[in-house]
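# Remarks on the overall topology
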Amino acid sequence: MLSFKERYASPLKLTHYGIMGMNQRNVNYIGRYNQRRLYPLVDNKLKTKEMALSHGVTTPKLLGAIRSQQDVEHILDILGEHSEFCIKPAQGSGGKGILAITGRTENAFIKASGQSVTLHDVRRHLSNILAGLFSLGGKPDIALIEALIHFDPVFNGYSYEGVPDTRVIVFQGFPVMAMMRLSTAASDGKANLHQGAVGVGICMRTGRAVRAVQHNDPIKFHPDTEKDLYALRVPHWMEVLTLAASCYNMSGLGYIGTDIVLDRDLGPMLLELNARPGLAIQTANNAGLLPRLRLIEALPDRTHYTVAGRVDFARRHFGVFD
């Protein structure tokens, strides 16, 4: 099987097959359809969460926010009896600065890997977040403390330690392409493709796996668990697409990446939004974004579609399997 790079080796081939490049994305879609005044709504996870809650969009529960060093000292009061939680920087990217705690003893906190960390370690991590160690541009930041996500057991074996998520690219409210991001030992349990996570292209009609890649190379089995990646199918697929499509109405951004997780008890939940979604989703699907984006741009009445109508259009036109 040819790799993505081998199949689309030249810029001419990229254009011929409808593969969108960085400049096209930045100028023709992000620059044209995303108003800069709206960026803070998605670049700051706390603002995204507040926006989601105000629009009735399901998202992991916010347990607290650490805004100052004084808050750091009172972390135990903020946590209360919670033994499972996730700490993340409000303006972080690429999974940096995320600390997931799955258990708690009298003297320690237990990470997803089973490693123990002390209260001092947690406070130091929070201080690093406040100092901007993980934020975009190194700016001072806020630490969010969220309820821990318990991923749906249907994904057992598909991800190494970390929580798998579904990235859906949404254009003018229409879901156009999707993939699952599965963490690996190489990615340190984070769903970041650049760090070695696995990307699995997903059929827009059925939620079934289309193709799987790691470091842009096609693979069939998860490198750590040996799970057959082509057997993957995302449950609650209609709900996932509906949630993704509704984020356009909520944010006003015309070209966004929506990151959705499936909680064991609460179903699909919005994890975060991205105003500058990457292009690796094309590699995972072995397909280009441009034909799909241009089809939507050519619709004379696209602003009149309801959320349900946009989801139905995407499933009919961008599906791979029946």
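Below or above, wherever it landed, is the structure these notes cover. Residue positions within a chain follow its written sequence, with the count starting from 1. Per-residue local features are limited, in this predicted model, to residues with pLDDT of at least 70; the limit for side-chain atom pairs, both in listing and counting, is 80 or more; totals at the level of whole chains, interfaces and linings are taken over all residues. Hydrogens are left out, water is left out, and the side-chain values use all remaining heavy atoms of the structure.

### Overview of the pattern of salt bridges
- In what follows, salt bridge is the name for a side-chain nitrogen of Lys or Arg lying within 4 Å of a carboxyl oxygen of Asp or Glu. All chains considered together, the criterion is met by 12 salt bridges.
- In this structure, the salt-bridge partner of Asp43 is Arg276, at a minimum N-O distance of 3.0 Å. Of this pair, Asp43 sits in helix α4 (residues 39-43) while Arg276 sits in the loop between β13 (267-274) and α10 (280-285); the two residues are 233 residues apart in sequence, bridging distant segments of the chain.
- With a shortest N-O distance of 3.0 Å, Arg181 and Asp259 are connected by a salt bridge. Taken together, the residues Arg181 in strand β8 (residues 174-182) and Asp259 in strand β12 (residues 255-263) connect sequence positions 78 residues apart. Note on accessibility: Arg181 and Asp259 belong to one class, buried. The helix count covers DSSP runs of H or I at least four residues long, the strand count covers runs of E at least two residues long, and both are numbered beginning at the N terminus. Burial classes follow relative accessibility: with a 1.4 Å probe on protein chains only, a residue under 20% of its type's maximum area counts as buried, one over 50% as exposed, and anything between as partly exposed.

### Some thoughts on helix α9 (residues 237-251)
- For a helix, the expected span equals 1.5 Å multiplied by the residue count minus one. Between the first and last C-alpha of α9 there are 22 Å, a value that for 15 residues agrees with the 21 Å anticipated at 1.5 Å per step.
- Burial in α9 covers these residues: Trp237, Val240, Leu241, Leu243, Ala244, Ala245, Cys247, Met250 and Ser251.
- Remark: Gly252 follows α9 within two positions and exhibits a positive phi of approximately 80 degrees.

### With respect to the packing of helix α3 (residues 22-33) against helix α11 (residues 290-297)
- Axis lines are fitted to C-alpha atoms, over the contacting stretch for helices. Their N-to-C directions set the angle, which ranges from 0 to 180 degrees. Direction vectors running N to C along α3 and α11 enclose 35 degrees, while the axes themselves pass 13 Å from each other. Judged by the sense of rotation from one axis to the other, the crossing of α3 with α11 is left-handed. On α11, the residues that touch Gln24, Tyr29, Arg32 and Tyr33 of α3 are Leu290, Leu293, Arg294 and Glu297.
- Across the contact of α3 with α11, the residue classes tally to four nonpolar, one polar and three charged. By definition, turning the near helix anticlockwise from the far helix through less than a right angle yields a left-handed crossing, and turning it clockwise yields a right-handed one. The contact criterion used is simple: two residues touch if any of their non-hydrogen atoms lie within 4.5 Å. When residues are grouped by polarity, Ala, Val, Leu, Ile, Met, Phe, Trp, Tyr, Cys and Pro land in nonpolar, Asp, Glu, Lys and Arg in charged, and all others, Gly among them, in polar.

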